[in-house]
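Geometric and topological summary
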Amino acid sequence: MKKAIIILGFILCTVNIYSQIVSVSNGIAISKIQSSIGYENPIYTYSISLSLNYLNAKYYEVSSRIGWYNKGGNTDIQLVDCNGDIIANNISNTMGYLQLGTNFRGKLPLGKFALFAGCGPKIDILLKTKSNISTNYISPNTDLDLTKRTLKSAVFGINPEIGIMYETDQLRFEISSSYICDLHHIDKNDLNIKGNSLLLLFSIGLIL
């Protein structure tokens, strides 16, 4: 956690000096856990973030953000109790993360529109976990036991993105796709679990 705070300080240290555009992004996070048991079905959840865009030039800019999204997945495993009664027809796990990151963006101007692509480091900080079943019915420290006790508190990675923006004198509108790629596993038990996610976002920004 201390490493995450230190890196965040370096990422955001120039924001107050160079900030030019403040944006709010809303959209959908599509996530499917990658593990040995195979979470066959993705989950679709809401994502929101606040971004500061600075060093804004014709062909490039830097964008720092803080946001919320979920990793997770759903697997078609049926659970029964000791009496043979069905407890659940599937197992769904959701993990809520606070994301911090900075991307360097290249831009291709097309009048008031611009195509852009960017990439940069990100840190996901685990805030909460949720499952549709009780931990009493699953074996501890397995691919199905995705609780705060078994997961890393911070996950480092990269965040490539592509999109299109449109600017007026005071506002910027963006539609973008962002792929959150973890550089290591999200669990503490060396089970090779990853939680890469796709974000589809719409943003509105105020040009300062």
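Cut-offs and rules
- Residues numbered from 1 in each chain as written.
- Predicted model: local features only at pLDDT ≥ 70, side-chain atom pairs only at ≥ 80, totals over all residues.
- Heavy atoms only, no water.
- pLDDT = per-residue confidence, 0-100.
- Contact = heavy atoms within 4.5 Å.
- Helix = DSSP H or I, 4+ residues; strand = E, 2+ residues; numbered from the N terminus.
- Disulfide = S-S within 2.5 Å.
- Buried < 20%, exposed > 50% of the residue type's maximum accessible area, 1.4 Å probe, protein only.
- Patch = residues over 30% accessible without salt bridge, like charges linked within 9 Å, V, L, I, M, F, W, Y side chains within 5 Å.
- Areas by Shrake-Rupley, 256 points an atom, 1.4 Å probe, with all protein chains shown as cover.
- Salt bridge = Lys/Arg side-chain N within 4 Å of Asp/Glu carboxyl O.
- Phe/Tyr/Trp six-rings, centres within 6.5 Å; stacked < 30°, edge-to-face > 60°.
- Lys NZ or Arg CZ within 6 Å of the ring centre and 35° of its normal.
- Pairing = 2+ DSSP bridges.

**A word on the confidence of the model for the protein chain**
- Of all residues in the protein chain, 90% have pLDDT values of 70 or greater, and the mean over the chain is 89.
- Note that pLDDT drops below 50 for residues 10-19; the model gives that stretch 15 contacts with residues more than four away or on any other chain.

**Concerning the environment of F173**
- Topologically, F173 is positioned in strand 11 (residues 171-182).
- Spatially, the C-alpha atoms of F173 and D143 are 40 Å apart, while their sequence positions differ by 30 residues.
- Residues contacting F173, with those up to four places away along its chain left out, are I164, M165, Y166, F202, S203 and I204.

**Thoughts on the state of the cysteines**
- With the rule as written, the count across this model stands at zero disulfides.
- You can see C119 has no disulfide; the closest cysteine sulfur is in C181, sitting 8.9 Å from it.

**Let's talk about the side chain of S92**
- With respect to the helices and strands, S92 occurs in strand 6 (residues 91-110).
- We classify S92 as buried; its relative accessible area is 16%.
- Not counting chain neighbours up to four residues away, the residues in contact with S92 comprise I43, G73, N74, K130, S131 and N132.

**Examining a nonpolar patch on the surface**
- The grouping of L108, L110, F113, L115, I164, L171, I175, F202, I204, L206 and L208 at the surface amounts to a nonpolar patch, some 980 Å² of accessible area in total.
- Looking at the nonpolar patch, the elements that each hand over two or more residues are strand 6, strand 7 (113-119), strand 11 and strand 12 (197-207).
- Sort the elements by how many residues they give to the nonpolar patch and strand 12 lands first, with three residues.
- Relative to the helices and strands, L206 is located in strand 12.

**Notes on the packing of aromatic side chains**
- Evaluated as defined, the whole model comprises three aromatic pairs.
- Ring centres of F113 and Y166 lie 4.8 Å apart, and the angle between their planes is 50°; this geometry places the pair in the tilted category. Taken together, the residues span a long stretch of sequence, with F113 in strand 7 and Y166 in strand 10 (residues 161-167) at a distance of 53 residues.
- Looking at Y166, the relative accessible area reads 28%, which means it is partly exposed.
- A cation sits over an aromatic face here: K71 above Y97, 5.1 Å from the ring centre.
- Over the face of the ring belonging to F116 we find R105, whose NZ or CZ atom lies 4.1 Å from the ring centre.

**Quick notes on unusual backbone geometry**
- Although it is not a glycine, L55 adopts a positive phi angle of roughly 50°.
- Residue position: L55 is located in the loop between strand 2 (43-54) and strand 3 (60-75).
- Look at L55 and you get partly exposed, because its relative accessible area is 37%.
- One non-glycine residue, D190, lies in positive phi territory at about 55°.
- Tracing the sequence through the fold places D190 in the loop between strand 11 and strand 12.
- The exposure class assigned to D190 is exposed, which follows from its relative accessible area of 68%.

**Thoughts on the pairing of strand 11**
- Of the pairings in the sheet, the one linking strand 9 (residues 154-158) to strand 11 comprises two bridges and is antiparallel in character. Counted as the bridge partner of G157 is D182 from strand 11.
- Two elements, strand 10 and strand 11, share seven bridges in a ladder whose sense is antiparallel. Across the sheet, the residue bridging to I164 is I175, located in strand 11.
- Linkage of strand 10 to strand 11, two consecutive antiparallel strands, is achieved through a turn of three residues.

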